[in-house]
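Structure assessment
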Amino acid sequence: SDAQVAAPSLACTWEDVHGADDWRGLVEPLHPLLRAEVVRYGELVGACYRALDLNPRSKRYLNCKHGKRQILQAVGMADAGYQVTKYIYSAPDVTLPMGICRPCSKSRWIGYVAVASDREAGRLGRRDILVSFRGTVTCSEWLANFMSALAPARFDPADPRPDVRVESGFLSLYTSDNGTGKFTAGSCRNQLLSEISRLIAEHKQEDMSITLAGHSMGSSLALLLGYDLAELGMNRGVHGGAIPITVFSFGGPRVGNLEFKNRCDELGVKVLRVANANDPVTKMPGVLFNESARVLGGRYEMPWSKACYAHVGVEVALDFFKAGDIACVHDLEVYIDQLLKIPKVDVATASSVNRVPSMFESWRWQMAMIRAGEWLRARLNE
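Within each chain, residue numbers correspond to sequence positions counted from 1 in written order. In view of the model being predicted, local features appear only for residues whose pLDDT reaches at least 70, and side-chain atom pairs are presented and counted only at 80 or more, with totals across whole chains, interfaces and linings using the full set of residues. No hydrogens and no water enter the side-chain calculation; it runs on all heavy atoms of the structure.

1. Examining the sheet that holds strand S6 (residues 208–215)
Rules: When DSSP locates at least two bridges between a pair of strands, those strands are taken to pair. Numbered from the N terminus, helices here are DSSP runs of H or I no shorter than four residues, and strands are runs of E no shorter than two. Only the stretch in contact is used when a helix axis is fitted, and all axes are lines through C-alpha atoms; the angle between N-to-C directions ranges over 0 to 180 degrees. Contact between two residues is taken to exist if any of their heavy atoms lie within 4.5 Å; hydrogens are not considered.
Taken in spatial order, the seven strands line up as S1-S2-S3-S6-S7-S9-S13 in an open sheet, and their pairing is mixed. Every interior strand has two partners, whereas the edge strands, strand S1 (82–90) and strand S13 (314–318), have only one. For this sheet, the mean angle separating the axes of adjacent strands, direction not counted, is 15 degrees. Each of strand S2 (108–116), strand S3 (127–133), S6, strand S7 (245–250) and strand S9 (270–276) is contacted by helix H8 (residues 217–231), which is oriented at about 150 degrees to S6, the strand it contacts most.

Take a look at the structure:
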């Protein structure tokens, strides 16, 4: 099979496929091995949506419908090759200005941590630690996407780097503590750092990679986590070498300023951004003040340059739009479909995940209804 043919190639070249050389020669045109890995991680992000309980009347509303051991099998991905080790939750009260959205009383399930099985580790050429984040669902999460205030990340107390600034809504989602949630143990950040540290220690004698994948808001959390791990030096192997950190972003917004981008580059955090030219989320925040507005005439730095947002990493550019279905421009399933439609060259591909057709067909309508309902409730409660 294709997977069997490609397995040795992927095991031998995984570092390049994960951005060791910033994907030089692999993006234009998109190399089949890279495409297969991007699609594979996209499907693992899609598992979050398929497992998310979107019924407001359910006791599990905004939480996962399945246990850790059953989730991948329950969503049709039993052969994904990963064992889910921890669920990640965010605080219910993301700080937003002027009380625009009424906080949800429940903590929200936003993704999971998983580790490659022995068999999958053999195919991949290393033990892969994966964190998969879902995208935007609730009203407050949508508004977090579009907040424009920059705040210092200050992840390393010994060297806070106040010039490294990130979008305040995403920072709040990542760092806000929630001591009252039924499932939670501290902030999203603390949950993640604790579990990843545990897995690194457990597999310290093996070759490892840390892969962070997310859609929309989830891609922002993935990038914050990647920067956090690298800034704290937590991605160090048993012999002192760095464990590669790679972020696969689907339809992700900008996360921080140019100093944040430069620091990510300096720390070796690799980011591959899959972005639709017609997706407004990828233009936010910083529609006006972004990487192209910092310098005048290529020479003069503008006074507001420190407040300008900048994308991080290498872009895989898509261009799709469907009349009558505006939501499709930000839909993860359509992103994956478009990646699969890119013309193939005569190179074997590898993907161990079986795709589920139209897995997001009902999800898009549910999202629209939930967002409209939450917005209406917020207005009535003002």
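2. As for helix H7 (residues 188–202)
Using the following cut-off: Expected helix span is computed as 1.5 Å times (number of residues minus one). Buried means the residue's accessible area, taken with a 1.4 Å probe over protein chains only, is under 20% of the maximum for its type, while exposed means over 50%, and partly exposed covers the values in between.
In a regular helix each residue adds 1.5 Å, so 15 residues correspond to 21 Å; H7 covers 21 Å between its end C-alpha atoms and thus fits that length. Of the positions making up H7, those classed as buried are Cys188, Arg189, Gln191, Leu192, Leu193, Glu195, Ile196, Leu199 and Ile200. Structurally, H7 contributes buried residues whose contacts are with S1, S2, S3, helix H6 (168–175), S6 and H8.

3. Quick word on the packing of H8 against helix H9 (residues 258–267)
Relative orientation and spacing of two packed helices are given, respectively, by the angle between their axes and the distance between those axes. The line we're drawing: For this classification, under 35 degrees means roughly parallel, over 145 means roughly antiparallel, 65 to 115 means roughly perpendicular, and everything else is oblique. Here a crossing is taken to be left-handed if its near helix is turned anticlockwise relative to the far helix by less than a right angle, and right-handed if that turn runs clockwise.
Running from N to C, H8 and H9 point in directions that differ by 55 degrees, and their axes come no closer than 10 Å. It follows from the interaxial angle that H8 and H9 lie oblique. Crossing geometry of H8 relative to H9 is assigned as left-handed. Together, Leu223, Tyr227, Ala230 and Glu231 of H8 and Phe260, Arg263, Cys264 and Leu267 of H9 make up the contact between the two elements.

4. Description of the packing of aromatic side chains
Rules: Centres within 6.5 Å make a pair out of two Phe, Tyr or Trp rings, where for Trp the six-membered ring is used; the pair is then stacked when the planes are under 30 degrees apart, edge-to-face when over 60, and tilted otherwise.
This structure, assessed with the given rule, holds six aromatic pairs. For the ring pair Tyr41 and Phe248, a centre distance of 5.0 Å and an interplane angle of 15 degrees mean the geometry is stacked. Of this pair, Tyr41 sits in helix H2 (residues 32–51) while Phe248 sits in strand S7, and the two are 207 residues apart along the sequence. Of the two residues examined, Tyr41 and Phe248, each falls in the buried class. Ring geometry for Phe155 and Tyr227: centres 5.7 Å apart, planes at 40 degrees, overall tilted. With Phe155 in the loop between strand S4 (150–152) and strand S5 (165–167) and Tyr227 in helix H8, this pair connects stretches of sequence that are 72 residues apart. Each member of the pair, Phe155 as well as Tyr227, carries the same accessibility label: buried. Cluster of aromatic residues (ring-pair linked, three or more members): Phe155, Tyr174, Tyr227 and Phe260.

5. Some thoughts on the confidence of the model for the chain
The cut-off we apply is this: Confidence scores here are pLDDT values: one per residue, from the predictor, ranging 0 to 100.
Scored by pLDDT, the chain comes out at a mean of 82, with 74% of its residues at no less than 70. Low pLDDT (under 50) marks residues 287–305, which in the prediction has 26 contacts with non-local residues, meaning those over four places away or in another chain. Considering only residues more than four positions removed or in separate chains, one finds that residues 346–382, a stretch of pLDDT under 50, has 73 contacts.

6. What to know about the environment of Leu267
Positionally, Leu267 belongs in helix H9. Given the relative accessible area of 22%, Leu267 is considered partly exposed. Taking the C-alpha atoms as reference points, Leu267 and Ala242, 25 residues apart in sequence, are found 9.8 Å from one another. With sequence-adjacent residues up to four places away left out, Leu267 is seen in contact with Tyr227, Ala230 and Glu231.

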